[in-house]
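Chain residues, written in single-letter form:
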Amino acid sequence: MSHQIHHTDAFILAAYPRGESDRVVVLLSEEFGLVRGIATGVRKETSKLRYSLQPYTWSRVALVRGREVWRLTGASSSANVFAQVEHDDARHTMMRIVTLVKRLVHGEGKNSALYQMFSSALHELVTHEYTGDELEAFECLVVLDILSALGYEPELTDTNLITLMSHDGYDPERIQEAVSNRKQMIIHINEALEASQL
């Protein structure tokens, strides 16, 4: 019996050893949302997939839905964003954003808003150099955007925050607004995370 092969762009969030040579790969895909799939033999030196399925890598993956799990049958990488970020502070910010996505996204399901926002945020970390205050504000902004895309958006009462969250993207003007409102953003983030119970 033949199985349909699904091709999708994806970001590799994490990978864990399984057995002697396999890996369980956790990815955020454009078409299916968060997917956990098994990559058979990928830890072998001879595997053609091993570098395309490294954490923090953008890849075009081929997935086959098995009876119980997805199987990764192909992958071609375009970039490892962790390697492209030069400063440790920005790398740590990226790691926290990725960890939050793994924590909050449960099960499969296409979420174009989350995928596009996540892609945009990582692109900004690679292409822009932020001051310490800007980086902290950027992270708060991304966290609020993630919560919003997942339906955990806090109820905003502050006029400045309402205006800030009515826009998307991470242009310099929005980042500067976030710097000015960081304390209020943290309060709302903590409220939303507590309400999510995740």
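Residues numbered from 1 in each chain as written. Predicted model: local features only at pLDDT ≥ 70, side-chain atom pairs only at ≥ 80, totals over all residues. Heavy atoms only, no water.

Caption draft 1: Representation of helix α6 (residues 172-180). Of the residues making up α6, those classed as buried are Arg-174, Ile-175 and Ala-178. Projection of α6 onto a plane perpendicular to its axis shows the buried side chains occupying an angular sector of 100°, all on one side. Away from its buried face by more than 90 degrees, α6 exposes Pro-172, Glu-173 and Ser-180. Check the buried side of α6 and you find it contacts α4 (132-149), α5 (159-165) and α7 (182-196). (Buried < 20%, exposed > 50% of the residue type's maximum accessible area, 1.4 Å probe, protein only. Helix = DSSP H or I, 4+ residues; strand = E, 2+ residues; numbered from the N terminus. Arc of directions from axis to C-beta. Contact = heavy atoms within 4.5 Å.)

Caption draft 2: Geometry of the packing of helix α2 (residues 88-104) against helix α3 (residues 112-127). In contact at an axis separation of 10 Å, α2 and α3 are set at 170° when each is read in the N-to-C sense. Here α2 lies roughly antiparallel to α3, going by the angle between them. The hand of the α2/α3 crossing is left-handed. Contact residues: Ala-90, Thr-93, Met-94, Ile-97, Val-98 and Val-101 in α2; Phe-118, Leu-122 and Leu-125 in α3. Along the lines of polarity and charge, the residues of the contact of α2 with α3 split into eight nonpolar, one polar and no charged. (Axes fitted to C-alpha atoms, helices over the stretch in contact; angles between N-to-C directions. Parallel < 35°, antiparallel > 145°, perpendicular 65-115°, else oblique. Left-handed = near helix turned anticlockwise from the far one by under 90°. Nonpolar A, V, L, I, M, F, W, Y, C, P; charged D, E, K, R; others polar.)

Caption draft 3: Focus on the side chain of Asn-181. As for its position among the elements, Asn-181 is in the loop between α6 and α7. Ignoring any residue separated from it by four or fewer positions in sequence, one finds Asn-181 in contact with Asp-158, Asn-160 and Leu-161.

Caption draft 4: Layout of the sheet that holds strand β3 (residues 33-39). The sheet built from five strands closes into a barrel, its strands ordered β1-β2-β3-β5-β4 with mixed pairing. Each strand axis lies, on average, 45° off the axis of its neighbour in the sheet, ignoring direction. Where β3 meets strand β5 (residues 70-80), two bridges bridge the pair, whose relative direction is parallel. Bridging from a neighbouring strand, Ile-38 pairs with Arg-71 of β5. (Pairing = 2+ DSSP bridges.)

Caption draft 5: Quick peek at the environment of Gln-116. Summarising the element assignment, Gln-116 is placed in helix α3. Taking relative accessible area as the criterion, Gln-116 reaches 45% and is therefore assigned partly exposed. Along the primary structure Gln-116 and Glu-30 are separated by 86 residues, whereas in three dimensions their C-alpha atoms are 8.3 Å apart.

Caption draft 6: Structural view of the packing of aromatic side chains. This structure, assessed with the given rule, holds nine aromatic pairs. A centroid spacing of 5.2 Å and a plane angle of 70° characterise the contact between Phe-11 and Phe-118, whose relative ring orientation is edge-to-face. With a gap of 107 residues between them, Phe-11 in strand β1 (residues 5-18) and Phe-118 in helix α3 connect regions that are remote in the sequence. The two residues Phe-11 and Phe-118 agree in class, both being buried. (Phe/Tyr/Trp six-rings, centres within 6.5 Å; stacked < 30°, edge-to-face > 60°.)

Caption draft 7: Examining the nonpolar core more closely. Within the largest apolar cluster, 47 residues are counted, with the highest numbers of intra-cluster contacts made by Phe-11, Leu-13, Phe-118, Phe-138 and Ile-146. Of all the elements in the fold, those that place two or more residues in this core are β1, β2 (22-29), α2, α3, α4, α5, α6 and α7. The greatest single-element share of this core, amounting to 10 residues, is contributed by α4. Setting aside chain neighbours within four positions, we find Phe-118 in contact with Phe-11, Leu-13, Leu-28, Trp-58, Ile-97, Val-98 and Val-101. (Core = buried A, V, L, I, M, F, W, Y, C linked by side-chain atoms within 4.5 Å.)

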